[in-house]
Amino acid sequence: CGQLSNVTYDLCTGNLGGLSKIWLCDAELISGISIGTSTAYTQDVVTAVTFTTGDTKFMPFTMKKNTASFQSEVTVGDSNTYVSTTLNLVFPHQDSAKRVAAQSLLLAEAVAICLDKNNHYWLIGSKDNPLSIESGSADSGTNKDDSNNYTIAVSCESTEFPYEVDASIISTICA
């Protein structure tokens, strides 16, 4: 089964919530994900992503500050245990370009790389367990100070929490 691993807590390191940036790629364009250790990390991390074509990269989705997040939740059953991870995206100010982006997520099976506010990159989804639409809405708001936006939640199920991505490969796999 598994082997226990210790966790240490560094009181001198900040801990900020939220995501700074998100990149998405169609799951069918990914041919492989390598998990290993690198010189900067002592635990398992994503060390490489290969694509079906040489010019493919994850596409950036720039989000408004404090609007994107992901959560992973463990479900324990009698016959299996799995992790559901949901990526929440908000596209503020409805317009045609954001409508097209939101609409594309309704039909997509994707893999995401997320940069959190602690400068850690996370891989969510895989070719075999891609992110797909969980819920979505378009809201005009009622009052002048209400948000006018598209809200999309995509999720995937896996046997593990999302892997951290080695920061040294980001420039080669993300546009």
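In the block above lies the structure referred to throughout.
Residues numbered from 1 in each chain as written. Predicted model: local features only at pLDDT ≥ 70, side-chain atom pairs only at ≥ 80, totals over all residues. Heavy atoms only, no water.

## Looking at helix α1 (residues 96–107)
Part 1 of the reasoning: Compared with an ideal rise of 1.5 Å per residue, which puts 12 residues at 16 Å, α1 spans 17 Å between its outermost C-alpha atoms and is within 8% of the ideal.
Part 2 of the reasoning: Buried residues in α1 make contact with β1 (19–26), β4 (59–61), β6 (81–92), β9 (132–139) and β10 (149–158). (Helix = DSSP H or I, 4+ residues; strand = E, 2+ residues; numbered from the N terminus. Expected span 1.5 Å × (residues − 1). Contact = heavy atoms within 4.5 Å.)

## A few points about the nonpolar core
Part 1 of the reasoning: By size, the foremost hydrophobic cluster in this structure holds 20 residues, and its most contacted members are I22, L87 and F91.
Part 2 of the reasoning: Top contributing element to this core by residue count: β10, with four residues. (Core = buried A, V, L, I, M, F, W, Y, C linked by side-chain atoms within 4.5 Å. Buried < 20%, exposed > 50% of the residue type's maximum accessible area, 1.4 Å probe, protein only.)

## So, the pattern of salt bridges
Part 1 of the reasoning: One pass over the full model with this rule turns up one salt bridge.
Part 2 of the reasoning: K98 is paired through a salt bridge with D95; the nearest N and O atoms lie 3.1 Å apart.
Part 3 of the reasoning: Classification of K98 as partly exposed rests on a relative accessible area of 25%. (Salt bridge = Lys/Arg side-chain N within 4 Å of Asp/Glu carboxyl O.)

## Observations regarding the packing of aromatic side chains
Part 1 of the reasoning: Overall, the coordinates contain three aromatic pairs when judged by the stated rule.
Part 2 of the reasoning: Here F61 and F91 contribute two aromatic rings whose centre-to-centre distance is 6.3 Å and whose plane-to-plane angle is 50 degrees, an arrangement assigned as tilted. Placement of the pair is F61 in strand β4 and F91 in strand β6, with a sequence separation of 30 residues.
Part 3 of the reasoning: Residue classification places F91 among the buried positions, given a relative accessible area of 6%. (Phe/Tyr/Trp six-rings, centres within 6.5 Å; stacked < 30°, edge-to-face > 60°.)

## Some details on the side chain of S126
Part 1 of the reasoning: Mapped onto the elements, S126 comes out in the loop between β8 (121–124) and β9.
Part 2 of the reasoning: Side-chain polar atoms of S126 contact the backbone nitrogen of N129, separated by 3.0 Å.
Part 3 of the reasoning: Beyond its immediate sequence surroundings of up to four residues, S126 is in contact with A27, I33 and V111. (Polar contact = N/O pair within 3.5 Å; in protein donor to acceptor, adjacent residues only side chain to side chain.)

## Quick word on the side chain of D166
Part 1 of the reasoning: Its location among the elements puts D166 in the loop between β11 (163–165) and α2 (170–173).
Part 2 of the reasoning: There is no salt bridge for the buried D166, and the closest opposite charge comes from K57, which lies 15 Å off by N-O distance.
Part 3 of the reasoning: Beyond its immediate sequence surroundings of up to four residues, D166 is in contact with S38, Y41, V45 and V46. (Lys, Arg positive; Asp, Glu negative; His and termini not counted.)

## A look at the layout of surface pockets
Part 1 of the reasoning: There is about 270 Å³ of room inside the second largest pocket.
Part 2 of the reasoning: Lining the second largest pocket are 15 residues, with G125, S126, S158, E160 and Y163 positioned closest to its centre.
Part 3 of the reasoning: By residue class, the composition of the lining of the second largest pocket is eight nonpolar, six polar and one charged. (1 Å grid on protein atoms, 1.4 Å probe; cavity = no way out; pocket = protein on both sides within 12 Å on 5 of 7 lines; lining within 4 Å. Points joined across faces, edges and corners; volume = space filled by probe spheres on them. Nonpolar A, V, L, I, M, F, W, Y, C, P; charged D, E, K, R; others polar.)

## What about the environment of P60?
Part 1 of the reasoning: By the element assignment, P60 lies in strand β4.
Part 2 of the reasoning: Separated by 115 residues in sequence, P60 and A175 have C-alpha atoms that sit 6.4 Å apart.
Part 3 of the reasoning: If we ignore the near neighbours within four places in the chain, the residues touching P60 are K21, I22, W23 and A175.

## What about the pairing of β8?
Part 1 of the reasoning: Two elements, strand β7 (residues 110–116) and β8, share four bridges in a ladder whose sense is antiparallel. Bridge pairing links A112 to I124 in β8.
Part 2 of the reasoning: Both β8 and β11 contribute to a ladder of three bridges, which runs antiparallel. Each residue of the ladder has a partner; that of W122, found in β11, is E164. (Pairing = 2+ DSSP bridges.)

Any functional reading would require information that these geometric values do not contain.
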